[in-house]
Every structure is written in structure tokens, then in C-alpha cells.
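So you can see what is in the structure, the chains are spelled out below.
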Amino acid sequence: MKVIKIDKTKWAEGLNKLRSDYQLIGPVKKDKYHDFQMLGKDQLPDVELLNTRMSPKSVVFPQSEVMLEYSLDETKEDHHIIKEVEKDASPRAVFGIRPCDAKALMLVKLNFDTSDYKDPYWIKAFEASTFIGMACDDPASTCFCTSTGCGPYNEEGLDVLMIDVGDHYLAKGITEKGEKLLKTAGWEDTSDDASLIESKKGEAEAKITSKVATENLKDKAILDLYEAPFWEDTAFSCLNCGTCTYVCPTCWCFDIQDETHGKKGIRMRNWDSCMFPLFTLHTTGHNPRETQIHRVRQRFMHKLKYFTDKYEKGIMCVGCGRCVRLCPVNIDIRTVCDKMNNYAASS
Amino acid sequence: MLEYINKIKEISTKLLEEKKVDMIVGFRKGSLPMMNEPCFAKNTEDIQSFVWDSNCGINLANYLTNRKEKIGIVAKGCDSRNIVTHIIENKINRDQLTIIGVPCKGMIDRKMISDMFDSEITEVTENNGKITVKGNGFDKTLEKTEVLQENCAICIHRNPVIYDELVAKEVEEQKDVDRYEDVRNIEAMSPEDKWKTFDDLLKTCIRCYACRNACPLCYCPTCFVDEAKPQWVGKSQDPTDTRTFHFLRAFHCAGRCTDCGACVRACPMGINVRAFTKKLEKDCFELFNWEAGLSIEERPPLDTFKPGDPDEFIK
Ligand code: SF4
Ligand code: SF4
Ligand code: SF4
Ligand code: SF4
């Protein structure tokens, strides 16, 4: 696909041209930290920021999302009938998404868009979105994407990949959706800098020194890993909070709730977390994952073993490093992954 | 600090060797700068990974709740006060514990320090009250007293209030500290401004409950926000529900909170949750002359009745 050169002086102009056809979304500062938000009129996305505190998964999978609504007012003809809520499916352009988070969308898709089940909310939002990624030339010490089947210039999940080259960006159209966006923005100067992209990619990959080893996980029996001796030590400090799962771009679990206010009601879904005791509590009162160790082990076994076995797409982690940086007690998935992998090899 | 850790290791080793305890709860070095991880040691080999420095802000009393073993626990001033509260509230027995007291000069504020630099911090070391921070393109030495966690800067109980062993001589307690300036500022606001302040404070809350779960006081078998029959609080991002969680949690901590700062330290969104608990802490001090967790002999004011209790608020 062709590579376009976008002079930074023409950046805002192009974005403005897009505004009539797309809702623009990108990283902007919210209170103390950056977050992916709908951009206001004239607002520009902070595409050069390394990464946001929360992942962009909320663009297609909001933390709280109303799915259905109903009325209990018997004077209304449609009372007690559950109805779908009108959703905005107009095109949106998501700027500044990093390759790890884009790859994460593809992993989440495995769950929301299958041949048996199609999640209409997620799919609608996903299909409405064009993802314009930003390659990472200056990764953080907690980025380990090169060992999770991703990388700082990875294109999976992206429609356009942008590369920062000082006074201009290079933009590589990856899909038709992406080409269309570039055209609508009026960025047309083609560039023959494909070889520059390759060399910058190599440099960026070399900067990522943090790695995880996963090669032995696949062949180890589930129960052996499950019963490995290190879980008590690994789990001890865990608070069973929602931080690691909520900040993770690949965690997809949700809980469905009905809320009635007066005579009006909604059915919504909210992110849920396997780290919460409530996650697996049965109505009988029995909880199959009763202790903190059960829950911590579940998170890592799901990400690093069950997922790996079920989908054959590697681990359910793209190496964005968010959980590593934000866990209040410093439970580091890289350490746990290495422990599991070493154990798988040794026993 | 170095002499502290040698002493902690020495005492811990002795306790395990003499079989006085089944495990020791302490800290080991984390994988990131300014992060240590709470851990346990059941044999003398595990003790070798113990550390002590200005990054031990997590409150270890949180790891005692309902445990059955005999435990040695490393405790700074605030941890010791939460251990007292745990004993009073029957969450652990005094005779299960061997408390290894650590006189503390405060923990450093990881978020404040990170915010001082534009690029990532790769290394933080400390020496003699100085903190040296290094990263890509910078190398700066800061006074530790300038970068303390806010609660540590105003702490007046740095020495453990209860202990079986002390790893070093007691440190001097801070005098003439104005503990409640921030609370007074909010108290002086109009109701509208107070509301706005709280709304602003909570607007990025993701309800991960790290604040609650890092808190040694929040040990209810089922927290009211998790209760399903009946359900007291909605689970979405509705600001009313988020506020309800924070306000009620703060009230549940009244007369029990030691202002250890574990909640603020844990919050991934950098929210100052202490803004709520401190008001209650101030009220308990002013109304009952009460500071939580100072003695296992005395019952907290909110679970006792005394004829002289203030009642001006009953109209
Ligand atoms: S691993 Fe860390 S972030 Fe995740 S639940 Fe445990 S304490 Fe919270
Ligand atoms: S598990 Fe952690 S590092 Fe991996 S994708 Fe999720 S948040 Fe990022
Ligand atoms: S609050 Fe006080 S006792 Fe606790 S860590 Fe800070 S200075 Fe030490
Ligand atoms: S830790 Fe922070 S984000 Fe999480 S629930 Fe508490 S205040 Fe909200």
C-alpha cells in the first residue's frame, strides 16, 4: 500500500476536513492523565503521547453501556416490552492508538465476533471505527510487545499506521477504510520512504529490551500449571482490585445489570473483573473461586494458558505494560509469565 | 535504612529459627522504581529477599485479616496503629503476632515524583535523606522531606505504638503539625463548591476498588457495594453511584482510619481519596479527642456510649 507524507503544518487542516464525515477520537488530557475521548470542535488529539492510562478498548467496549430499555408505566402501550436502544453507528476515526492496543482489539474480537455468537454492540462500534495508529519510536521500559506477537510498528488491527519523522508524519494505508480516511483528509503527497519505515522499525524494536518467554506454556498440561507451587507466593500481595483487568486492553469480561428508576428501566453491561470475589459467586452462595489465590491464578491462567490453548493466537496479553505500571502492589505479569514458562520447561 | 533491613532480617531469621512464628510478613524489592511488593517468608532463605526503604507505603496490617498462623510482621507507625485496630476488632489475636516495629521517617510519593519529570524514571536510589532520580536525559537529587506522601508529611505517629521488637532507636515525632488544613479549606466552602470539589475529585474514578482493597479497615465479608440482595448501589459509571461508594466507605472508616495513605497510594487514577476519610478523622479528634489505633485497651468512640458524648448535633 502506498505511503503518504503529512507535513505537520497540514495536520490540523486535514483533521478538520475529516470532522464532517467522522467523529474524531484520540488521546486528550482528562484531569491528570490522558484518555481516549471524543474530540471537541478544534480539539487536536495528542498523538505523540506514548500511551494513555486507560486503554482505548472503551471506544468499542465502554465501561458502562446501556443495551436495552423498558417502561413499567402501564398507561403506555409498549409497557413491559424490552427494546433495543438506538446506537450511534456513524463513522468514527480513532487517532493515536498504539500498535499494542490495536492488536488487542483483534484479540478481543475473538470473543465478541465468532461464528456462533455475534455481539451486536461491539461489532457495530468496531465496524464504525477507522483506527489510525501511531508507531512507537520511544517505548517505555514496561513495554514488552515484541515478545507477545506484536511490536512497535505492528499493523494488526490498524487501518492506517502513522510514523513520526520530525517535521512530518508518514502514513501507511493498511486497509481500504484507512485509504479512504487519508483521502478524505486531503493528505495526498505520496512518499517513497518505505525503506525508512523499515529501518525505523528495526531501531524501535531494538529499543524494547523487556521480554517474556512463553514457548513452553502450550505443551504443559493445564493441571500441572494450575497446581504449580508458586501460586501462593505470587498471589499473596494481590488486593483483588479491578485495576489490572480494567486497564488491560485485552480483558473483555462484563456483567449485566438491570436498573429501574421510577417507571423507567434499562439493561446495561459493565466491565467486570475475575479478580473480584463476586465474579464467580453462585446464587446458592457457593463460590468456586473462593480465595484470592484462585482468582490470581485464574487471571494468569486465562491470559497465558487457557487462551493460548483455545485460540492458538499466542497469549492474551499484548505487552502494553499498563497492569505492570498500575498494580498497587507490583504484581508483574512478566515475572509471573516467566515463572510459568520456566516451570513448564523444568517439570 | 540499611541498618534497618539488616536488623529486620536478623530478627526475622531468629523468629523463624526458634519457631516462634510460622511466617513473616514484609516487603521485597519490586520490579519498577519506587515499588516494593508485600510478601511473606516461611523459611530463612525467603528472608534474604526482604527490603526496607522509602517505598514501603502499602499498609501490611491489611495482610493479617482473619489469618490463623502465628505471624511476625514488619510494622511502621501507621501499620502498627492498624494492627491495634485489627486486634480491637477481632481480626487477629495479639498473641498470634510478633510485631517487628520500624521507626519511620515517611514514605516517598511515587506519583508526585513521576509527575515531576517528562520522561520515564528508570532508577531511584536513596541515601541519607536524599532521593536520586534518574531517567532518560535527567539525573536529579531531591530532598526526601520534599517528596513525602502527603499523609507522611503530616504524620505524628512515626514510631510504632505497639511492638515486640524494635529495629532501631525511636525517631523524633514531628511537632506542631497542622494536620487538617485541607479539611478546613473544604469545610469553609459553600455547599455548591463542596459538591463541585467532590465531583471533580471523583470524575476519573473507574471503581476498581483498589482504594478499598488496600485499606486494612475494609475487610467486610461482602462490601455494601457488592451486596446483591438487596442491591444498595448501582454498578455503572453513574456519578451518583461512585459518590455513594466513596461517601459511605469514608463513614465506615470513621474513628478507625489512621491516615496511613494506602488508599491514595493504591489508586491507579491518582485520586486523593483521603479527602473524605480525613474529615471524619478530624471530627473524631475534635468531638471525642480520639486518634485511631493508639491503644488496645480503649474502645473506639463509635462503638461505645458515654454520657458525656457530644450531642449538640441532635436538634
Ligand atoms: S494483581 Fe494488582 S492490580 Fe490486579 S487485582 Fe491484584 S492488586 Fe489489583
Ligand atoms: S495483561 Fe497487562 S501488559 Fe498485558 S495487555 Fe493487559 S494490561 Fe497490557
Ligand atoms: S504515615 Fe507515618 S507511620 Fe505511616 S509511613 Fe508515613 S510517616 Fe510512617
Ligand atoms: S482506587 Fe481510585 S479509581 Fe479505584 S475505586 Fe478507588 S478512587 Fe476509584
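Per chain, the residues get numbers from 1 upward, laid out in the order the sequence is written. Each chain gets a letter, beginning with A, and each ligand a number, beginning with 1, in the order they are written. Reporting of local features is limited, given that this is a predicted model, to residues whose pLDDT is at least 70; pairs of side-chain atoms are given and counted only at 80 or more, and all residues count toward the totals for whole chains, interfaces and linings. With hydrogens and water set aside, each side-chain value is computed from the structure's full complement of heavy atoms.

### Notes on the domain arrangement of chain B
Residues and elements named next belong to chain B. Applied cut-off: Where each domain begins and ends is defined by an automated method or by a domain database. A quick way to say it: buried area is the sum, across both parts, of accessible area lost when two parts are put together, with a 1.4 Å probe. Between Lys or Arg on one side and Asp or Glu on the other, a salt bridge is scored when a side-chain nitrogen of the former is within 4 Å of a carboxyl oxygen of the latter. Here a polar contact is recorded for every N or O atom pair within 3.5 Å, except that within protein the pair must consist of a potential hydrogen donor and a potential acceptor, and residues adjacent in sequence are included only if both atoms are side-chain atoms. Per the convention used, a helix needs a DSSP run of H or I reaching at least four residues, while a strand needs a run of E reaching at least two, with both numbered from the N terminus. Each residue gets one label: Ala, Val, Leu, Ile, Met, Phe, Trp, Tyr, Cys and Pro are nonpolar, Asp, Glu, Lys and Arg are charged, and the others, such as Gly, are polar.
Segmenting chain B into domains produces domain 1 (1-106 + 151-175) and domain 2 (178-302). Taking only C-alpha atoms into account, the centre of domain 1 sits 25 Å from that of domain 2. Between domain 1 and domain 2 lies a buried interface of about 2300 Å² when both sides are counted; carbon and sulfur atoms form 55% of it. The tally of links from domain 1 across to domain 2 stands at one salt bridge. Residue Arg256 pairs with Glu89 through a salt bridge whose shortest N-O separation is 2.8 Å. For the pair domain 1 and domain 2, the number of links is 11 residue pairs in polar contact (both at pLDDT 80 or more). In terms of residue count, the dominant contributor to the side of domain 1 that touches domain 2 is helix α3 (residues 77-88) (eight residues). Among the residues forming the side of domain 1 that touches domain 2, the class breakdown is 12 nonpolar, 10 polar and three charged.

### Observations regarding the site of ligand 1
Rules: One heavy atom within 4 Å of a molecule or strand is enough for the residue carrying it to be called near that molecule or strand.
Around ligand 1, a shell composed of A:Cys238, A:Leu239, A:Asn240, A:Cys241, A:Thr243, A:Cys244, A:Met275, A:Arg299, A:Cys327, A:Pro328, A:Val329 and A:Ile331 is seen. Tallied by class, residues from the shell around ligand 1 come to nine nonpolar, two polar and one charged.

### Let's talk about the packing of helix α7 (residues 191-202) of chain B against helix α9 (residues 239-252) of chain B
Residue and element names in this part refer to chain B. Applied cut-off: What counts as an axis is a line fitted to C-alpha atoms, over the stretch in contact for a helix, and the angles between N-to-C directions run from 0 to 180 degrees. Put simply, angles under 35 degrees are roughly parallel, angles over 145 are roughly antiparallel, angles from 65 to 115 are roughly perpendicular, and the rest are oblique. In what follows, residue pairs with any heavy atoms lying within 4.5 Å of each other are defined as contacts.
For the pair α7 and α9, interaxial distance at closest approach is 11 Å and the crossing angle is 100 degrees. What the angle tells us is that α7 and α9 run roughly perpendicular. Every residue of α9 that contacts α7 at Trp195, Phe198, Asp199 and Leu202 is listed here: Thr242, Arg243, His246 and Phe247.

### Here we look at the pattern of salt bridges
Basically, it comes down to this: Summary of the burial criterion: residues with accessible area below 20% of their type's maximum are buried, those above 50% are exposed, and those between are partly exposed, where the area comes from a 1.4 Å probe applied to protein chains only.
Applying the stated criterion to the full structure yields 46 salt bridges over all chains. The shortest N-O distance in the salt bridge between A:Lys87 and A:Glu65 comes to 3.2 Å. In this pair, A:Lys87 sits in the loop between β5 (83-84) and β6 (92-97) while A:Glu65 sits in strand β4 (residues 64-71), placing the two residues 22 residues apart along the sequence. Owing to a relative accessible area of 28%, A:Lys87 belongs among the partly exposed residues under this scheme. Among the salt bridges present, the one from A:Asp137 reaches A:Lys200, with a minimum N-O distance of 3.5 Å. One end of the pair, A:Asp137, is in the loop between β7 (129-134) and β8 (160-165); the other, A:Lys200, is in helix α5 (residues 194-207), and 63 residues separate them in sequence. For A:Lys200, a relative accessible area of 17% puts it in the buried group. One salt-bridge network, in which partners are shared between bridges, spans B:Glu150, B:Arg179, B:Asp259, B:Arg274 and B:Glu281.

### Quick notes on α9(B)
Spelled out, the test is: To estimate how far a helix should extend, the number of its residues minus one is multiplied by 1.5 Å.
Along its 14 residues, α9(B) runs 20 Å from first to last C-alpha, staying within 8% of the 20 Å computed at 1.5 Å per residue. For α9(B), the set of buried residues is B:Asp241, B:Thr242, B:Arg243, B:Phe245, B:His246, B:Arg249 and B:Ala250. Residues of α9(B) that are buried sit in contact with β11 (254-261) of chain A together with α7, α8 (210-214), α10 (262-266) and α11 (274-288) of chain B. One side-chain oxygen of the residue at the start of α9(B) lies 2.9 Å from the amide nitrogen of B:Thr240, identifying that residue as B:Asp238.

### A look at helix α11 (residues 333-346) of chain A
All names here are of chain A. The cut-off we apply is this: Comment: arc refers to directions from the helix axis out to C-beta atoms.
The terminal C-alpha atoms of α11 lie 20 Å apart, and with 14 residues this matches the ideal 20 Å at 1.5 Å per residue to within 8%. The set of residues buried in α11 consists of Ile333, Arg334, Val336, Cys337, Met340, Asn341 and Ala344. One side of α11 carries all its buried residues, which in axial view fall inside an arc of 165 degrees. Facing away from the buried side of α11, by more than 90 degrees, are the exposed residues Asn342 and Ser346.

### Examining the site of ligand 4
Residues and elements named next belong to chain B. Around ligand 4 sit 13 residues in total, of which Cys205, Cys208, Tyr209, Cys211 and Cys267 are the nearest. Looking at the shell around ligand 4, the elements that each hand over two or more residues are α8 and α9. Per-class residue counts for the shell around ligand 4 are 11 nonpolar, one polar and one charged.

### A short note on the interface of chain B and chain A
Of the residues lining the interface, 43 residues belong to chain B; the matching set on chain A comes to 40 residues. In total, about 3400 Å² of surface goes out of reach between chain B and chain A, with carbon and sulfur atoms giving 52% of it. If you look at where chain B meets chain A, you find three salt bridges. Between A:Asp233 and B:Arg28 there is a salt bridge, with the nearest N and O atoms lying 3.0 Å from each other. For the pair chain B and chain A, the number of links is 17 residue pairs in polar contact (both at pLDDT 80 or more). Secondary structure elements with two or more residues in the side of chain B that touches chain A: β1 (23-29), β2 (36-41), α4 (110-115) and α8 of chain B. Ranked by residue count, the leading element in the side of chain B that touches chain A is β2(B), at five residues. Its residues assigned to classes, the side of chain B that touches chain A comprises 18 nonpolar, 11 polar and 14 charged.

### With respect to the state of the cysteines
Residues and elements named next belong to chain B. In plain terms, the rule: Criterion for a disulfide: a pair of cysteine sulfur atoms within 2.5 Å.
Tallied over the full model, the rule gives zero disulfides over all chains. The thiol sulfur of Cys39 is not disulfide-bonded, and the nearest other cysteine sulfur, from Cys56, lies at 9.7 Å. Lacking any disulfide linkage, Cys284 is separated from the closest cysteine sulfur, that of Cys257, by 9.6 Å.

### Some remarks on the packing of aromatic side chains
Note the following rule: Only centres within 6.5 Å qualify two rings of Phe, Tyr or Trp (six-membered ring in Trp) as a pair; their planes then separate them into stacked at under 30 degrees, edge-to-face at over 60, and tilted for everything else. Lysine and arginine charges are scored as sitting over a ring when NZ or CZ, respectively, is within 6 Å of the ring centre and within 35 degrees of the ring normal.
With the rule as written, the count across this model stands at 28 aromatic pairs over all chains. Summarising the aromatic geometry, the rings of A:Phe61 and A:Trp271 are spaced 6.2 Å apart at their centres and angled 50 degrees between planes, so their arrangement reads as tilted. Of this pair, A:Phe61 sits in the loop between β3 (33-38) and β4 while A:Trp271 is found in strand β12 (residues 264-271), placing the two residues 210 residues apart along the sequence. Taking relative accessible area as the criterion, A:Phe61 reaches 2% and is therefore assigned buried. Residue A:Trp271 is classed as buried on the basis of its relative accessible area, which comes to 7%. Here the aromatic rings of A:Phe230 and A:Tyr343 are separated by 5.9 Å at their centres, their planes lie at 85 degrees, and the arrangement is edge-to-face. One end of the pair, A:Phe230, is in the loop between α6 (222-226) and α7 (231-235); the other, A:Tyr343, is in helix α11, and 113 residues separate them in sequence. Taking relative accessible area as the criterion, A:Phe230 reaches 10% and is therefore assigned buried. By the ring-pair criterion, three or more aromatic residues cluster together here, those being A:Phe61, A:Phe112, A:Trp122, A:Phe126, A:Phe131, A:Tyr246, A:Phe254, A:Trp271, A:Phe276, B:Tyr209 and B:Phe245. The ring of A:Phe254 is capped by A:Arg269, whose NZ or CZ atom sits 4.5 Å from the centre of that ring.

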